[in-house]
Amino acid sequence: MSDTVFGKIINGDIPCDLLHDDEHCIAINDISPKAPVHVLVIPKKGIPRLVDSTLDDQALLGHLMLVAGKVAREQGVGDAFRLVVNNGEGAGQTVFHLHVHILGGLNFPEGQLAG
Ligand code: AMP
(Lines give C-alpha, C1' and ligand atoms only; values in the text may rest on other atoms or scores of the structure.)
Protein backbone atom coordinates (compact mmCIF):
# COMPACT_ATOMS: atom_id res chain seq x y z
CA MET A 1 0.00 0.00 0.00
CA SER A 2 1.26 3.50 -0.78
CA ASP A 3 2.43 5.78 2.01
CA THR A 4 0.11 8.55 0.87
CA VAL A 5 -3.12 9.98 2.19
CA PHE A 6 -5.01 7.58 -0.10
CA GLY A 7 -3.01 4.59 1.12
CA LYS A 8 -3.94 5.61 4.67
CA ILE A 9 -7.62 6.00 3.72
CA ILE A 10 -7.63 2.52 2.12
CA ASN A 11 -5.99 1.09 5.25
CA GLY A 12 -8.66 2.74 7.41
CA ASP A 13 -6.16 5.02 9.16
CA ILE A 14 -7.80 8.22 7.89
CA PRO A 15 -11.59 8.67 7.67
CA CYS A 16 -13.30 9.42 4.37
CA ASP A 17 -16.71 9.89 2.82
CA LEU A 18 -16.97 6.48 1.15
CA LEU A 19 -19.29 6.06 -1.85
CA HIS A 20 -18.04 2.73 -3.24
CA ASP A 21 -15.82 -0.08 -2.00
CA ASP A 22 -14.92 -3.31 -3.76
CA GLU A 23 -11.99 -5.72 -4.04
CA HIS A 24 -10.06 -3.40 -6.38
CA CYS A 25 -10.96 0.22 -5.62
CA ILE A 26 -12.82 2.74 -3.54
CA ALA A 27 -14.65 5.94 -4.48
CA ILE A 28 -14.75 8.85 -2.04
CA ASN A 29 -15.92 12.43 -2.04
CA ASP A 30 -13.03 14.86 -2.58
CA ILE A 31 -12.26 16.73 0.64
CA SER A 32 -11.92 20.01 -1.26
CA PRO A 33 -14.48 19.78 -4.09
CA LYS A 34 -13.89 21.78 -7.28
CA ALA A 35 -17.36 20.92 -8.64
CA PRO A 36 -20.81 20.20 -7.18
CA VAL A 37 -19.98 16.51 -7.67
CA HIS A 38 -16.28 15.78 -7.15
CA VAL A 39 -15.51 12.14 -6.49
CA LEU A 40 -12.19 10.29 -6.55
CA VAL A 41 -11.96 6.70 -7.75
CA ILE A 42 -8.85 5.17 -6.20
CA PRO A 43 -7.39 1.72 -6.88
CA LYS A 44 -6.37 -0.22 -3.80
CA LYS A 45 -3.10 -1.01 -5.56
CA GLY A 46 -0.72 1.88 -4.90
CA ILE A 47 0.34 2.85 -8.43
CA PRO A 48 1.98 6.30 -8.08
CA ARG A 49 1.08 7.79 -11.49
CA LEU A 50 -0.84 6.60 -14.54
CA VAL A 51 2.45 6.22 -16.44
CA ASP A 52 3.65 3.81 -13.78
CA SER A 53 0.89 1.34 -14.64
CA THR A 54 1.72 -1.66 -16.81
CA LEU A 55 -0.08 -4.22 -18.94
CA ASP A 56 -0.72 -6.12 -15.70
CA ASP A 57 -2.94 -3.22 -14.68
CA GLN A 58 -5.07 -3.26 -17.84
CA ALA A 59 -8.13 -4.84 -16.22
CA LEU A 60 -7.76 -2.65 -13.15
CA LEU A 61 -7.70 0.53 -15.26
CA GLY A 62 -10.84 -0.61 -17.10
CA HIS A 63 -12.48 -1.37 -13.77
CA LEU A 64 -11.83 2.20 -12.57
CA MET A 65 -13.68 3.51 -15.66
CA LEU A 66 -16.66 1.24 -15.04
CA VAL A 67 -16.84 2.24 -11.37
CA ALA A 68 -16.54 5.92 -12.35
CA GLY A 69 -19.57 5.57 -14.62
CA LYS A 70 -21.57 3.74 -11.96
CA VAL A 71 -20.74 6.29 -9.25
CA ALA A 72 -21.45 9.23 -11.59
CA ARG A 73 -24.91 7.76 -12.28
CA GLU A 74 -25.51 7.21 -8.57
CA GLN A 75 -24.50 10.82 -7.86
CA GLY A 76 -27.05 12.06 -10.42
CA VAL A 77 -24.59 13.26 -13.07
CA GLY A 78 -24.54 10.18 -15.30
CA ASP A 79 -25.48 12.23 -18.38
CA ALA A 80 -22.77 14.92 -17.99
CA PHE A 81 -19.49 14.40 -16.20
CA ARG A 82 -15.79 14.53 -16.86
CA LEU A 83 -12.99 12.24 -15.76
CA VAL A 84 -9.56 13.71 -15.03
CA VAL A 85 -6.28 12.01 -14.22
CA ASN A 86 -3.49 14.38 -13.26
CA ASN A 87 -0.21 12.67 -14.12
CA GLY A 88 2.87 14.18 -12.50
CA GLU A 89 3.64 17.32 -10.57
CA GLY A 90 3.70 19.40 -13.76
CA ALA A 91 0.06 18.45 -14.38
CA GLY A 92 -0.98 19.31 -10.84
CA GLN A 93 -0.82 15.86 -9.27
CA THR A 94 -0.44 16.26 -5.52
CA VAL A 95 -1.17 12.75 -4.24
CA PHE A 96 1.11 10.14 -5.78
CA HIS A 97 -1.35 7.27 -5.67
CA LEU A 98 -3.25 6.98 -8.94
CA HIS A 99 -6.80 8.34 -8.83
CA VAL A 100 -9.51 9.37 -11.26
CA HIS A 101 -11.43 12.58 -10.59
CA ILE A 102 -15.15 12.55 -11.47
CA LEU A 103 -16.36 16.11 -12.01
CA GLY A 104 -20.07 16.72 -12.42
CA GLY A 105 -22.74 19.36 -11.98
CA LEU A 106 -20.71 21.91 -13.96
CA ASN A 107 -21.62 23.79 -17.12
CA PHE A 108 -19.55 22.16 -19.81
CA PRO A 109 -19.34 24.47 -22.85
CA GLU A 110 -19.86 22.39 -25.96
CA GLY A 111 -16.66 21.22 -27.59
CA GLN A 112 -14.34 22.68 -24.97
CA LEU A 113 -12.02 20.64 -22.81
CA ALA A 114 -11.79 23.10 -19.94
CA GLY A 115 -14.97 24.09 -18.17
P1 AMP B 1 -4.44 15.47 -7.53
O2 AMP B 1 -4.14 16.95 -7.51
O3 AMP B 1 -4.91 14.99 -8.87
O4 AMP B 1 -3.31 14.63 -6.95
O5 AMP B 1 -5.70 15.30 -6.59
C6 AMP B 1 -5.63 15.05 -5.24
C7 AMP B 1 -7.01 15.31 -4.70
O8 AMP B 1 -7.11 14.68 -3.45
C9 AMP B 1 -7.34 16.80 -4.48
O10 AMP B 1 -8.50 17.15 -5.23
C11 AMP B 1 -7.58 16.88 -2.96
O12 AMP B 1 -8.60 17.79 -2.63
C13 AMP B 1 -7.94 15.44 -2.62
N14 AMP B 1 -7.69 15.04 -1.25
C15 AMP B 1 -6.57 15.25 -0.52
N16 AMP B 1 -6.69 14.70 0.70
C17 AMP B 1 -7.92 14.12 0.75
C18 AMP B 1 -8.66 13.40 1.74
N19 AMP B 1 -8.15 13.16 2.96
N20 AMP B 1 -9.90 12.96 1.43
C21 AMP B 1 -10.43 13.20 0.21
N22 AMP B 1 -9.80 13.87 -0.77
C23 AMP B 1 -8.56 14.33 -0.51
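Residues numbered from 1 in each chain as written. Predicted model: local features only at pLDDT ≥ 70, side-chain atom pairs only at ≥ 80, totals over all residues. Heavy atoms only, no water.

**Q** Got a minute to help me understand the nonpolar core in this structure?
**A** Core analysis: the largest hydrophobic core is formed by 16 residues, its most contacted members being Val39, Val41, Leu64, Val71 and Ile102. No other element matches the six residues that helix H2 (residues 58-74) contributes to this core. Residues contacting Leu64, with those up to four places away along its chain left out, are Cys25, Val41, Pro43, Leu98 and Val100. Formed by eight residues, the second largest nonpolar core is a distinct cluster that contains Phe6, Ile10, Ile26 and Leu40. (Core = buried A, V, L, I, M, F, W, Y, C linked by side-chain atoms within 4.5 Å. Buried < 20%, exposed > 50% of the residue type's maximum accessible area, 1.4 Å probe, protein only. Helix = DSSP H or I, 4+ residues; strand = E, 2+ residues; numbered from the N terminus. Contact = heavy atoms within 4.5 Å.)

**Q** Would you mind going over the environment of Lys70 with me for this structure?
**A** Secondary-structure assignment places Lys70 in helix H2. Sequence separation of Lys70 and His20 is 50 residues, and the distance between their C-alpha atoms is 9.5 Å.

**Q** It is not clear to me how the layout of surface pockets should be interpreted in this structure. Could you clarify?
**A** Any empty space left between atoms is shown by rolling a water-sized probe over those atoms. One number sums up the size of the largest pocket: a volume of about 450 Å³. Only helix H1 (5-11), strand S2 (25-29), strand S3 (37-43) and strand S5 (100-104) provide two or more residues apiece to the lining of the largest pocket. By residue number, the principal contributor to the lining of the largest pocket is H1, which donates three residues. Class assignment of the residues belonging to the lining of the largest pocket gives a composition of 11 nonpolar, nine polar and three charged. (1 Å grid on protein atoms, 1.4 Å probe; cavity = no way out; pocket = protein on both sides within 12 Å on 5 of 7 lines; lining within 4 Å. Points joined across faces, edges and corners; volume = space filled by probe spheres on them. Nonpolar A, V, L, I, M, F, W, Y, C, P; charged D, E, K, R; others polar.)

**Q** Looking at this structure, I do not really get the pairing of strand S1 (residues 18-21). What am I missing?
**A** The side chains of a regular strand alternate, residue by residue, between the two faces of the sheet. Here three bridges tie S1 to S2, and the two strands are oriented antiparallel to one another. By the bridge assignment, His20 is partnered in S2 with Ala27. Counting the residues between successive antiparallel strands, the hairpin from S1 to S2 contains three residues. (Pairing = 2+ DSSP bridges.)

On their own, these measurements won't tell you what the molecule is for.
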